[in-house]
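This is what each chain is made of:
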Amino acid sequence: MLLLVAHFVGNAAFTLLVRHARSSRFDYAMVGTTNYVTGAVMGIAVFAMVGSGLPGWVAVVAGAVNGAQYQLTFLLMHALIGIGGISVATSVLRLAAAVPVFASMVVWHEPVSLTQGVGLALAAIALPLLAGVNPALRAREDAGARPGPVRIAVTVVTTLLVTGAGLLGAKVFAEVGVPEDRSAYVATAYLTASAFSVVTWRWQPRGGAGSTGIRARSLGLGIVTGLVNFGQLSAFLPALSTVPGVIAFPVAAAGGLLCTVVGSWAFFRERPTIRHASGIALALAAAALINVRK
């Protein structure tokens, strides 16, 4: 259970570090790239130590899908944080678990429990509530810029689908891959995320890019973020071997979201609107219920 707690606390810490990287004191793109390169270096080192030989194609393909999702989600988070804050962004990311649940129904013919059905219904109600602007946050962060409802809806739905695709990649690996390829899967994910970060560099938000001081701070924050990111994932994998999935997944989903909500208020003084607070509360329940397998 301690590993599970380390995972969702670490996951919340990673999310809050990403929120911190959005300030003008950092180059958001450089923090992201450094984060994934750090994860790739750690992943390759672990893979080399494990020495399990050439990985199967499932680990490589599923890991690549997950890695591409990492970087695309990192970009989408920038927009979501600006619209409604880190709590809203994290809520949308947690609700993406609905995508692999639907895939499980269609592809693997897994029955959806009554609990999961309730979770999916709550998610459907929560998403429209989350897709709204926080005026106070927009005024503080982006000089009062106000994106239209269509742009907000597209951002939320795209984030949901992209993040869900990454979770689906993990689901495919869990169903078809072999445990010996786990280190190869993780290394491939971070290598792919690093490559996508480089490819999308020119289109990424830069924040305070320019000065030597900002670059140095961004590199430092990126390394710390990468270590935290790799650590929370490394804690979750062995936690699944000691804690039943019916407990691990709901606790990880709800615990990570709750820690992020508390952290967003404590460190950034983000105060959600009544609409967002209602959506976050529903998302918290939905994230837990969707992940209940029985």
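Since the structure is predicted, the reported quantities are computational estimates derived from the model, not experimental observations. (Residues numbered from 1 in each chain as written. Predicted model: local features only at pLDDT ≥ 70, side-chain atom pairs only at ≥ 80, totals over all residues. Heavy atoms only, no water.)

1. Thoughts on the confidence of the model for the protein chain
Reasoning step 1: Summarising the model, the protein chain shows a mean pLDDT of 87, and 93% of its residues fall at 70 or more.
Reasoning step 2: When the elements of the protein chain are averaged for pLDDT, helix α7 (residues 135-141) gives the smallest value, 64, and helix α2 (residues 28-50) the largest, 94. (pLDDT = per-residue confidence, 0-100. Helix = DSSP H or I, 4+ residues; strand = E, 2+ residues; numbered from the N terminus.)

2. Let's talk about helix α5 (residues 98-106)
Reasoning step 1: When we look at burial in α5, the residues that qualify are Ala98, Pro100, Val101, Ala103 and Ser104.
Reasoning step 2: Here the buried face of α5 lies against α4 (86-95), α6 (114-130), α8 (149-176) and α12 (274-290). (Buried < 20%, exposed > 50% of the residue type's maximum accessible area, 1.4 Å probe, protein only. Contact = heavy atoms within 4.5 Å.)

3. Considering the packing of aromatic side chains
Reasoning step 1: Enumeration according to the criterion identifies six aromatic pairs in this entry.
Reasoning step 2: Relative to Tyr70, the ring of Tyr36 lies with its centre 6.2 Å away and its plane at 5 degrees, an arrangement referred to as stacked. Here the residue Tyr36 occupies a position in helix α2, and Tyr70 occupies one in helix α3 (residues 57-84), the gap between them amounting to 34 residues.
Reasoning step 3: With relative accessibility at 3%, the residue Tyr36 sits in the buried group.
Reasoning step 4: Pairing Phe173 with Tyr185 gives two aromatic rings, centres 4.7 Å apart and planes at 20 degrees, and the pair type is stacked. (Phe/Tyr/Trp six-rings, centres within 6.5 Å; stacked < 30°, edge-to-face > 60°.)

4. A look at the packing of α3 against α4
Reasoning step 1: In the contact formed by α3 and α4, the axes pass within 7 Å of each other and the chain directions differ by 135 degrees. In terms of orientation, α3 and α4 fall into the oblique class. The element α3 and its partner α4 pack so that their crossing is right-handed. Here Thr73, Met77, Leu80, Ile81 and Gly84 of α3 lie close against α4, whose contacting residues are Ile86, Val88, Ala89, Val92 and Leu93.
Reasoning step 2: Residue composition of the contact of α3 with α4, by class: eight nonpolar, two polar and no charged. (Axes fitted to C-alpha atoms, helices over the stretch in contact; angles between N-to-C directions. Parallel < 35°, antiparallel > 145°, perpendicular 65-115°, else oblique. Left-handed = near helix turned anticlockwise from the far one by under 90°. Nonpolar A, V, L, I, M, F, W, Y, C, P; charged D, E, K, R; others polar.)

5. Remarks on the nonpolar core
Reasoning step 1: Residues Met77, Leu95, Leu130, Tyr190 and Ile290 are the most contacted members of the largest nonpolar core, which totals 51 residues.
Reasoning step 2: Considering each element in turn, this core owes the most residues, eight residues, to α3.
Reasoning step 3: Ignoring any residue separated from it by four or fewer positions in sequence, one finds Leu130 in contact with Val88, Ser91, Val92, Leu95, His276, Gly279, Ile280 and Ala283.
Reasoning step 4: Counting residues in each nonpolar core, the second largest holds six residues, with Leu4, Phe236, Ala239 and Ala248 among its members. (Core = buried A, V, L, I, M, F, W, Y, C linked by side-chain atoms within 4.5 Å.)

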